[in-house]
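One letter stands for each residue in the lines below.
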Amino acid sequence: MKEDGEDLTETETPERIESPVDAPRASAAGSTSPATAEKPSADNRAKAIEVSGLSLFYGDFKAVEDVDMSIRPNKVTALIGSSGCGKTTFLRSINRMHELTPGARVEGHMTLDGADIYGPGVDPVEVRRQVGMVFQQPNPFPTMSIYENVAAGLKLNTRRIKKAQLDEVVERALRGANLWNEVKDRLNKPGSGLSGGQQQRLCIARATAVQPEVLLMDEPCSALDPVATLAVEDLIQELKKNFTIVIVTHNMQQASRASDYTAFFNLEKSGDPGRLVEMDETTAIFSNPTQKATEDYVSGRFG
Ligand SMILES: Nc1ncnc2c1ncn2[C@@H]1O[C@H](COP(=O)(O)OP(=O)(O)OP(=O)(O)O)[C@@H](O)[C@H]1O
Ligand SMILES: [Mg+2]
């Protein structure tokens, strides 16, 4: 593999700390999921998310109002709804990125396997390690090689890691992202030299290398062509064996192909907060939604 020099890579960053969010699986969220029993995997780390009474603000503006939602482990949950209804805002609240925006505020509760994500003393940085994110535009670190891109998060989270161990994790993450065969002979080449679809899979490898429990994806295929999109969708099906996945998409076919559950967000009119209209199994949302607004949206009659 790449990276010349000695066999030991050491970084000075803090060792991985078990946070309150790593508390034992709590009954409420965990027990709701028959899914964990469905596909046991040695690497399964998926956790359940329970959201109650969640409202999200930018200063005085309430962007999302009063969301209650159960997100199941080892399942793909799609968030759909028209532009501006708060999908990204909601997604970013799951790993405490929302509060990075100056003036942004959160009300309500959210737990990861029963542990309060917003509890006093919970380190948002640790939450972000447990809840990884993949963005709309592939964003590999431009000056870093393919190898370094995948290793970057690990080096931040682990104080000492042997080169051989790092090699192993990088390979596993790249294999997991269905990218290994395409890049194994050029690991020390810049990540930015890959195609868009490859870059997005590299970002997925980077996000999964640190072994999160949840993977958030904000329109991960919107910059990709149909072939690369299908490759990422296949990958999502693989990843759900180990992770809980929440994906925002504007592509109704993608939501119906790739997700197990779908949550439809909507806003009454511009300036109003976005609300969760309904959430159900994806087949039900697309074939038999209970709300007219959902039906209008999924059938393309929206607006
Ligand atoms: N940094 C910000 N400061 C102030 N308001 C914001 C900010 N980011 C988003 N908003 C507002 O919050 C609301 C929800 O935005 P959000 O980006 O979550 O919508 P979205 O559903 O992801 O839309 P899209 O489908 O276009 O990505 C919008 O009214 C938006 O203008
Ligand atoms: Mg968005």
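Below is a short write-up of the structure. Bear in mind that the values here come from a model prediction, so they are computed numbers and not experimental data.

Conventions adopted
Residues numbered from 1 in each chain as written. Chains lettered and ligands numbered in written order. Predicted model: local features only at pLDDT ≥ 70, side-chain atom pairs only at ≥ 80, totals over all residues. Helix = DSSP H or I, 4+ residues; strand = E, 2+ residues; numbered from the N terminus. Buried ≥ 20, exposed ≤ 12 C-beta atoms within 10 Å, placed from the backbone. Pairing = 2+ DSSP bridges. Contact = placed C-beta atoms within 7 Å. Axes fitted to C-alpha atoms, helices over the stretch in contact; angles between N-to-C directions. Parallel < 35°, antiparallel > 145°, perpendicular 65-115°, else oblique. Left-handed = near helix turned anticlockwise from the far one by under 90°. Nonpolar A, V, L, I, M, F, W, Y, C, P; charged D, E, K, R; others polar. Near = placed C-beta within 6 Å. Expected span 1.5 Å × (residues − 1).

### As for the overall build of the protein chain
Alright, step 1. When you go through the protein chain residue by residue, the secondary structure sums to 12 helices and 12 strands.
Alright, step 2. Out of the 303 residues in the protein chain, the part that is buried amounts to 45%.

### As for the pairing of strand 2 (residues 49–58)
Alright, step 1. In terms of strand pairing, strand 2 meets strand 3 (residues 61–71) through seven bridges, oriented antiparallel. Note on strand 3: the bridge partner recorded for isoleucine 49 is isoleucine 71.
Alright, step 2. Linking strand 2 back to strand 3 in an antiparallel pair, the connection comprises two residues, with glycine 59 at a positive phi of about 60°.

### Some remarks on the sheet that holds strand 6 (residues 115–116)
Alright, step 1. The antiparallel open sheet is built from four strands, whose spatial order is 3-2-5-6. Every interior strand has two partners, whereas the edge strands, strand 3 and strand 6, have only one.
Alright, step 2. Across the sheet, helix 3 (residues 87–94) touches strand 2, strand 3 and strand 5 (104–112), and the angle it forms with strand 2 is around 120°.

### Some points on the packing of helix 6 (residues 163–176) against helix 8 (residues 196–209)
Alright, step 1. In contact at an axis separation of 8 Å, helix 6 and helix 8 are set at 130° when each is read in the N-to-C sense. Comparing their axes, helix 8 and helix 6 come out oblique. For the pair helix 6 and helix 8, the sense of crossing is right-handed. Residue-level inspection shows Val169, Val170, Ala173, Leu174 and Gly176 of helix 6 in contact with helix 8, the latter providing Ala205, Thr208 and Ala209.
Alright, step 2. Partitioning the contact of helix 6 with helix 8 into residue classes produces six nonpolar, two polar and no charged.

### Some thoughts on unusual backbone geometry
Alright, step 1. A positive phi angle is found at arginine 96, which is not glycine, with a value near 60°.
Alright, step 2. Take arginine 96: it is sitting in the loop between helix 3 and strand 5.
Alright, step 3. The class for arginine 96 is buried, based on 20 C-beta atoms found within 10 Å.
Alright, step 4. At asparagine 178, a position not held by glycine, the phi torsion is positive, near 55°.

### Description of the packing of helix 8 against helix 9 (residues 226–239)
Two quantities define a packed helix pair, namely the angle between the axes and the distance from one axis to the other.
Alright, step 1. Where helix 8 meets helix 9, the closest approach of the two axes is 9 Å, and the angle between their N-to-C directions is 20°. Between helix 8 and helix 9, the angle falls in the class roughly parallel. Two packed elements cross with a definite hand, and for helix 8 against helix 9 that hand is right-handed. Together, Gly196, Gly197, Gln200, Arg201, Ile204 and Thr208 of helix 8 and Ala228, Ala231, Val232, Leu235 and Leu239 of helix 9 make up the contact between the two elements.
Alright, step 2. Residues that form the contact of helix 8 with helix 9 fall into these classes: six nonpolar, four polar and one charged.

### A few points about the site of ligand 1
Alright, step 1. Taken together, the residues surrounding ligand 1 are Tyr58, Phe61, Ala63, Gly81, Ser83, Gly84, Cys85, Gly86, Lys87, Thr88, Thr89 and Thr101.
Alright, step 2. Among the elements that make up the shell around ligand 1, the one with the highest residue count is helix 3 (three residues).

### A closer look at the sheet that holds strand 12 (residues 275–281)
Alright, step 1. What the six strands build is an open sheet, ordered 7-9-10-4-11-12; its pairing is mixed. The open sheet has two free edges, formed respectively by strand 7 (131–134) and strand 12, since each of these has just one partner strand. Each adjacent strand pair in this sheet contributes to an overall mean axis angle of 20°, direction not counted.
Alright, step 2. Of the strand pairs in this sheet, strand 4 (residues 76–80) and strand 11 (residues 261–266) are connected by four bridges, and their pairing is parallel. When the sheet's bridge partners are listed, isoleucine 80 is paired in strand 11 with phenylalanine 264.

### A short note on helix 9
Alright, step 1. Helix length check: helix 9 (14 residues) gives 20 Å between terminal C-alpha atoms against 20 Å at 1.5 Å per residue, within 8%.
Alright, step 2. Restricting attention to buried positions, one finds in helix 9 the residues Thr229, Ala231, Val232, Glu233, Leu235, Ile236 and Leu239.
Alright, step 3. Tucked into the core, helix 9 has its buried residues touching strand 4, helix 8, strand 9 (214–218), strand 10 (244–248) and helix 10 (252–258).

### Notes on the pairing of strand 11
Alright, step 1. Of all six residues making up strand 11, six are buried, and the element is well covered by its neighbours.
Alright, step 2. A two-sided burial pattern is seen for strand 11, the buried positions comprising Tyr261, Ala263 and Phe265 on one face and Thr262, Phe264 and Asn266 on the other.
Alright, step 3. Pairing of strand 11 with strand 12, which is carried by six bridges, proceeds in the antiparallel orientation. If you follow alanine 263 over to strand 12, its bridge partner there is methionine 279.

### Points about helix 8
Alright, step 1. Between its terminal C-alpha atoms helix 8 stretches 20 Å, which fits the 20 Å expected from 14 residues at 1.5 Å a residue.
Alright, step 2. The buried count for helix 8 comes to 13 of 14 residues, which makes it a mostly enclosed element.
Alright, step 3. At the C-terminal side of helix 8, glutamine 211 shows a positive phi close to 50°.

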